[in-house]
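# Overview (structure and organization)
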Amino acid sequence: MNGIEKITQRIDEETQAEIDRILGKAREEAAQITADYKAQADAEVASLTARNEKSAAEQEERLVSVAQMEARKVTLAAKQEMVEKAYQLALEKLCAMSDEQYISVSADLLAQAAPDGCGAVIFAPAERERIGAAAVAKANERLKGELVLSEETRPLNGGFILKNGNVEVNCTFDTLVRLQKAETAGAVAKHLFPEG
């Protein structure tokens, strides 16, 4: 769990700087949009004042409302982009683990994916050569199982596929991150943007 906490802390630190930069830019854009709409509203108010004070005030209110809505949309898009970057960074960190961590994580995932200890484990070519045999051996020790390292390889972005007969369990890192994103995106957004 300590490695995951370190990864999470590094993700938090690295993404916070990026969040601050993008939110700063979004706030500047929002302020500029607001200023532009405000300037437009002020110009219209000046030209309409002579004819109808009430109409000018209503027009200004609508334009300011549109500007505020536009500013909220820009801020929301920036926040969504940062949440997406946080998950992308998490995937990159998973794929960049040391061999020892990669073996341990893969063995843990194999133990969860194959509780009966059976199946063939398919890795990407580089991971198969680098950590495949060690991960399968470690999982077999834990499960007292008979998992085998498949000769087949696939173009995976980290992780593996466990094949047992006609059934395949996708434990690739991009799939695991995508599944976690579906469950945790709201909590991640609250963590990254606690003020709103």
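First things first, this report covers the structure right here in the doc.

Basis of the calculations
- Residues numbered from 1 in each chain as written.
- Predicted model: local features only at pLDDT ≥ 70, side-chain atom pairs only at ≥ 80, totals over all residues.
- Heavy atoms only, no water.
- Helix = DSSP H or I, 4+ residues; strand = E, 2+ residues; numbered from the N terminus.
- Rg over C-alpha atoms; globule rule 2.2 N^0.38 Å.
- Buried < 20%, exposed > 50% of the residue type's maximum accessible area, 1.4 Å probe, protein only.
- Pairing = 2+ DSSP bridges.
- Axes fitted to C-alpha atoms, helices over the stretch in contact; angles between N-to-C directions.
- Contact = heavy atoms within 4.5 Å.
- Expected span 1.5 Å × (residues − 1).
- Bend = angle between axes of the 7 residues up to and from the residue.
- Salt bridge = Lys/Arg side-chain N within 4 Å of Asp/Glu carboxyl O.
- Phe/Tyr/Trp six-rings, centres within 6.5 Å; stacked < 30°, edge-to-face > 60°.

### Quick look at the overall build of the protein
From N to C terminus, the protein includes five helices and four strands. Secondary structure of the protein in N-to-C order comes out as α-α-α-β-α-β-β-β-α. Computed over C-alpha atoms, the radius of gyration of the protein comes to 26 Å, more than 25% over the 16 Å expected from 2.2 N^0.38 for 196 residues, which places it beyond the range of a compact globule. By the burial criterion, 33% of the 196 residues in the protein qualify as buried.

### As for the sheet that holds strand β1 (residues 120–123)
The mixed open sheet is built from four strands, whose spatial order is β2-β1-β3-β4. One side of each edge strand has no neighbouring strand; the edge strands of this open sheet are β2 (148–153) and β4 (167–172). Adjacent strand axes in the sheet meet at a mean angle of 30° when their direction is disregarded. Where strand β3 (residues 159–164) meets β4, six bridges bridge the pair, whose relative direction is antiparallel. Bridge pairing in β4 links N164 to V167. Packed on one face of the sheet, helix α4 (residues 125–143) meets β1 and β2 and runs near 170° to β2. Packed onto the sheet, helix α5 (residues 173–192) meets β3 and β4 and runs at close to 80° relative to β4.

### Considerations on α5
An ideal rise of 1.5 Å per residue puts 28 Å on 20 residues; α5 reaches only 22 Å between its terminal C-alpha atoms. Considering bend angle alone, the principal kink of α5 is centred on T184 and spans about 70°. Considered for burial, the residues of α5 that qualify are F173, T175, V177 and L192.

### A few points about the pattern of salt bridges
Counting across every chain of the model gives twelve salt bridges. The residue K73 makes a salt bridge to E70 at a minimum N-O spacing of 3.7 Å. On the criterion of helical spacing, the pair formed by K73 and E70 is a turn pair, its members being three residues apart in helix α2 (residues 53–95). By relative accessible area, which is 48% here, K73 ends up partly exposed. The closest approach of N and O atoms between R130 and E127, which form a salt bridge, is 4.0 Å. On the criterion of helical spacing, the pair formed by R130 and E127 is a turn pair, its members being three residues apart in helix α4.

### As for the packing of aromatic side chains
Enumeration over the complete set of coordinates arrives at two aromatic pairs. With a centroid separation of 5.3 Å and an interplanar angle of 35°, the aromatic rings of Y102 and F173 are classed as tilted. Within this pair, whereas Y102 is found in helix α3 (residues 99–113), its partner F173 is found in helix α5, the two being separated by 71 residues in sequence. The residues Y102 and F173 share a single accessibility class, namely buried. Relative to F160, the ring of F123 has its centre 5.9 Å away and its plane inclined at 55°; by these criteria the two rings are tilted. Taken together, the residues F123 in strand β1 and F160 in strand β3 connect sequence positions 37 residues apart. Both residues of the pair, F123 and F160, count as buried.

Functional significance is not addressed by these values, which are geometric in nature.
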